[in-house]
Amino acid sequence: MWDYERKLMYPVKIKNPNPALAKMVIAQYGGPDGELGASLRYLSQRFTMPDSVTKGLLTDIGTEELAHLEMVGALVNQLTRGTNAKCVKESGFADYFINHSTGVYPANSNGSPFNAMAIAVSGDPITDLNEDLAAEQKARATYDNILRLSDDPDVNDVIKFLRAREIAHYQRFGEALRRVEEKLTDNNKFYMNK
Amino acid sequence: MFYPKADCCPFNTDEPTCTPIEESVSVNAQPMARKENMESSPDVNSQKELLEKIQEIGFAVVDLNLFLDTHPDCTQALELYTKLSSTLKSLKADYVAKYGPLCATDSDKNSPFAWVDDGHKWPWDI
């Protein structure tokens with residue numbers, strides 16, 4: 001089970017509201033390569049991993065993704081504070097605002113709600129770990145795109161932290177995959193059926 | 001009104017105080033009934049017993065937490081919450097010392113990292 005700590009993993013303190021940027025950032029809250037999907041993917045895949053190391057890694061990264069989800073939620077919340085009707089209309093935020101006001105809803109930047117179709121849980125450790133490697137790169141690429149379009153240094157500082165974590169996770173998943181593959185050649189090709 | 005007022009306890013709507021909570025949650029309650037497993041060693045049984053105790057007190061703490069969220073002024077509930085929180089803390093410390101980490105940070109300094117040691121089962125494998 002989980003305990004909650006009332007702190008963000010990395011500080012989020014945005015000075016200037018910017019609903020247009022909030023609409024881009026929300027992709028990492030409820031979009032296909034966002035933090036909600038990441039957490040759900042790893043915390044669901046861990047049950048059928050073949051050893052304690054891989055179960056532990058997926059538990060720990062899945063937990064960290066929940067902390068990232070909270071940070072992205074804080075970004076969206078702070079970017080939409082103190083806004084007004086004119087700003088909402090001019091920033092292209094109106095279509096989101098009509099349904100959610102400034103609530104933080106798990107959706108992609110085009111408004112599509114979170115969908116578990118974006119994640120896979122195959123029950124096969126090789127398949128799942130390869131999916132995880134791809135997922136980390138897709139999230140990194142999305143953060144790169146946010147950095148290309150954002151000119152707010154407060155937001156970029158947070159995005160750069162999250163982007164760096166995708167790279168760290170990719171490294172760890174690579175090590176876990178190599179470990180599982182080595183076990184498979186270890187006189188027991190049915191190791192993963194344990 | 002369906003929801004009880006902030007100054008009264010939902011466990012006994014006749015009384016304006018929160019005393020009935022103490023009766024409904026006993027620190028010394030017996031562990032949940034379970035099947036006897038002839039193959040289990042005494043050590044496995046005592047680990048299971050301690051874990052069940054932690055789950056039991058842990059649940060009481062979670063439930064009291066929710067009650068206190070909407071009844072922050074209830075002194076009796078707060079008293080029981082702090083008492084059970086401290087019981088939970090010492091039960092967990094006892095468990096960690098005997099059977100290994102509950103949280104990653106509980107791992108001891110001996111290598112390899114106890115958190116991912118094959119000897120410590122994940123909760124869905126116990």
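Since the model is a prediction, treat every value here as computed from it, not as a measurement.

S.K.: I tried to follow the overall build of chain A on my own but got confused; where do I start?
M.R.: On a plain count of helices and strands, chain A comes out with 8 helices and 0 strands. Ordered by position from N to C terminus, the α and β elements of chain A give α-α-α-α-α-α-α-α. Within the span of chain A, comprising 194 residues, buried residues form 44% of the whole. A fraction of 78% describes how many contacts in chain A between residues 6 or more apart in sequence connect residues 24 or more apart. Accessible area of chain A: about 10,000 Å², with a carbon and sulfur share of 53%.

S.K.: Help me understand the overall build of chain B in this model?
M.R.: Looking only at helices and strands, chain B has 3 helices and 0 strands in total. When its helices and strands are written in sequence order, chain B yields α-α-α. Long-range pairs, those at least 24 residues apart, make up 54% of the contacts in chain B between residues at least 6 apart in sequence. For chain B, the accessible area works out to roughly 9,000 Å², and carbon and sulfur atoms hold 56% of it.

S.K.: Help me understand the layout of surface pockets in this model?
M.R.: In this approach, a probe sized like a water molecule rolls over the atoms, and the result shows the empty space that is left. The space that makes up the second largest pocket amounts to roughly 200 Å³. Lining the second largest pocket we find 11 residues, and of these Ser52(A), Lys55(A), Asp118(B), Lys121(B) and Asp125(B) sit closest to its centre. For the lining of the second largest pocket, the residue count by class is 3 nonpolar, 2 polar and 6 charged.

S.K.: Which parts of the structure should I look at to understand the interface of chain B and chain A?
M.R.: The figure often quoted for interface size is the accessible area lost as the parts come together. Across the contact, 10 residues belong to chain B and 11 residues belong to chain A. Summing the contributions of chain B and of chain A, the shared interface buries around 820 Å²; its carbon and sulfur component is 57%. Per-residue buried area on chain B facing chain A is highest for Val116(B), Trp122(B) and Trp124(B); these three make up 61% of the total on that side. Residue Lys55(A) pairs with Asp125(B) through a salt bridge whose shortest N-O separation is 2.5 Å.

S.K.: Looking at this structure, how should I read the pattern of salt bridges?
M.R.: Note on pairing: side chains with opposite charge can pair once their charged atoms come close. All names here are of chain A. All told, the structure shown has 13 salt bridges over all chains when counted by the stated rule. A salt bridge links Asp95 to Lys23; the shortest N-O distance between them is 3.1 Å. Taken together, the residues span a long stretch of sequence, with Asp95 in helix α6 (residues 94-100) and Lys23 in helix α1 (residues 19-25) at a distance of 72 residues. The structure contains a network of salt bridges with shared partners spanning Arg140, Asp144 and Arg163.

S.K.: Hey, could you run me through the environment of Ala93(B) in this one?
M.R.: All names here are of chain B. Along the chain, the position of Ala93 falls in helix α3 (residues 75-99). For Ala93, a relative accessible area of 48% gives the class partly exposed. Between the alpha carbons of Ala93 and Asp106 there is a distance of 8.9 Å; along the sequence they are 13 residues apart.

S.K.: Please explain helix α8 (residues 153-184) of chain A as it appears in this structure.
M.R.: Owing to its 3.6 residues per turn, the α-helix brings residues three or four apart onto one side. Here α8(A) contains 32 residues, and its C-alpha end-to-end distance of 47 Å stays within 8% of the 46 Å for a straight helix at 1.5 Å per residue. Backbone nitrogen of Asp154(A) and a side-chain oxygen of the N-cap are separated by 2.8 Å at the start of α8(A); the cap is Asp152(A).

S.K.: Explain the confidence of the model for chain B to me, please; I cannot follow it from the model alone.
M.R.: When pLDDT is low, close inspection of the predicted coordinates is not appropriate. Residues and elements named next belong to chain B. When pLDDT is averaged along chain B, the result is 79; 67% of the residues meet or exceed 70. Here helix α1 (residues 20-24) is the element of chain B with the lowest mean pLDDT, 48, and α3 is the one with the highest, 97. Below pLDDT 50 for its whole length, residues 11-24 participates in 21 contacts with residues either more than four positions away or in separate chains. In the predicted structure, residues 26-39 sits below a pLDDT of 50 and forms 18 contacts with residues beyond four places in sequence or in another chain.

Definitions and limits used
Residues numbered from 1 in each chain as written. Chains lettered and ligands numbered in written order. Predicted model: local features only at pLDDT ≥ 70, side-chain atom pairs only at ≥ 80, totals over all residues. Heavy atoms only, no water. Helix = DSSP H or I, 4+ residues; strand = E, 2+ residues; numbered from the N terminus. Buried < 20%, exposed > 50% of the residue type's maximum accessible area, 1.4 Å probe, protein only. Contact = heavy atoms within 4.5 Å. Areas by Shrake-Rupley, 256 points an atom, 1.4 Å probe, with all protein chains shown as cover. 1 Å grid on protein atoms, 1.4 Å probe; cavity = no way out; pocket = protein on both sides within 12 Å on 5 of 7 lines; lining within 4 Å. Points joined across faces, edges and corners; volume = space filled by probe spheres on them. Nonpolar A, V, L, I, M, F, W, Y, C, P; charged D, E, K, R; others polar. Buried area = accessible area lost by both parts, 1.4 Å probe. Salt bridge = Lys/Arg side-chain N within 4 Å of Asp/Glu carboxyl O. Expected span 1.5 Å × (residues − 1). Polar contact = N/O pair within 3.5 Å; in protein donor to acceptor, adjacent residues only side chain to side chain. pLDDT = per-residue confidence, 0-100.

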